[in-house]
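Coordinate inspection notes
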Amino acid sequence: MGTYNKGILGAFSGKVGPVVGANWRGKEVLRSLPRKSNKAATPEQALHRLKFSTVIGFLGPIYPILSRYYGANQGEKSRVNRAMSYHMKEVAVYADPDFTFAYNKVQLAKGYLTGVEAGTISATTANTIDFSWNDNSGQGEALTTDKLVVGVYDPATKNWIYSLGVAERSTTSGTLLLPITLSGATVEVWALFVSANEKRNSTSTYLGTITIV
């Protein structure tokens, strides 16, 4: 059932006959009801759907990072929309019978703040990843107080672990504690810097693969 606001010329939400009313990104919109089709999907359509669902599953858990730091909203296209588009085009790779990812092309964030310089990772203590980097404060708008944000992905379980503040740029090192269930897992790691006021961020840097002890 649809709900009218301001009479027939106003906005409404819900379904009325063959149309659906909704508020989308601050705009009142009308959509026609989708028609059900009994046709089987073509191989190309089935492959596209598989690709789409795979990318959705990959990016979904890091929504809090993408929605904050993946560039800027552009008109009706949100940060998460832009991240989806990029990873669909550039990152998802078909390896029959499924899709995988070119991890060195994955982007957790896009921005113009000076990023991670000479970043390295190591795992010498149980269930931890140690990070190190150069203090490049003063390059561009980089400040000593910028926060290191990191993302860790386990391809075997398809789980993410992330932190929105491991350490400040000037410390040149930091540690992320991982769940004990990741002991022995081989994971993929990315990092970026975010200003203390959250107004600026760098593009993420791929730091490579590491096995957790």
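The following refers to the structure shown. Bear in mind the structure is a predicted one, so any value in this text is a computation, not a measurement. (Residues numbered from 1 in each chain as written. Predicted model: local features only at pLDDT ≥ 70, side-chain atom pairs only at ≥ 80, totals over all residues. Heavy atoms only, no water.)

**Observations regarding the overall build of the protein chain**
Our working rule: Per the convention used, a helix needs a DSSP run of H or I reaching at least four residues, while a strand needs a run of E reaching at least two, with both numbered from the N terminus. Only protein chains enter the accessibility calculation, which uses a 1.4 Å probe; a residue whose area is less than 20% of its type maximum is buried, one above 50% is exposed, and one in between is partly exposed. It only takes one pair of heavy atoms within 4.5 Å for two residues to be counted as in contact. For every accessible area listed, the method is Shrake-Rupley and the probe measures 1.4 Å; residues are considered covered only by the protein chains on display.
Within the protein chain, the secondary structure is distributed over three helices and 13 strands. For the protein chain, the residues scored as buried account for 36% of the 213 residues in total. Nonlocal contacts in the protein chain, meaning residues at least 24 apart in sequence, comprise 58% of its contacts between residues at least 6 apart. With the model as given, the accessible surface of the protein chain reaches about 12100 Å², and the carbon-plus-sulfur share is 54%.

**Looking at the sheet that holds strand E11 (residues 173–177)**
Defined as follows: Only when DSSP finds a minimum of two bridges between them are two strands counted as paired. Axes here refer to lines fitted to C-alpha atoms; in helices the fit is confined to the stretch in contact. Angles between the N-to-C directions go from 0 to 180 degrees.
Within the open sheet, the three strands sit side by side as E7-E8-E11. Their pairing is antiparallel. The two strands at the open ends of the sheet, each matched to only one other strand, are strand E7 (120–122) and E11. Between one strand and the next, the sheet's axes are offset by a mean angle of 25°, whatever the strand orientation. Bridge count between strand E8 (residues 128–132) and E11: five bridges; the pairing is antiparallel. The partner of Phe-131 across the bridge, within E11, is Gly-174.

**Some points on unusual backbone geometry**
Looking along the chain, the bond that leaves Asp-96 and enters Pro-97 is cis, with omega of 15°. Within the secondary structure layout, Pro-97 lies in the loop between strand E5 (92–95) and strand E6 (98–101). You will see that Ala-118, though not glycine, has its phi angle at about 55°, which is positive. With respect to the element layout, Ala-118 can be found in the loop between E6 and E7. The phi torsion at Asn-127 lies on the positive side, around 60°, for a residue other than glycine. With respect to the secondary-structure elements, Asn-127 resides in the loop between E7 and E8.

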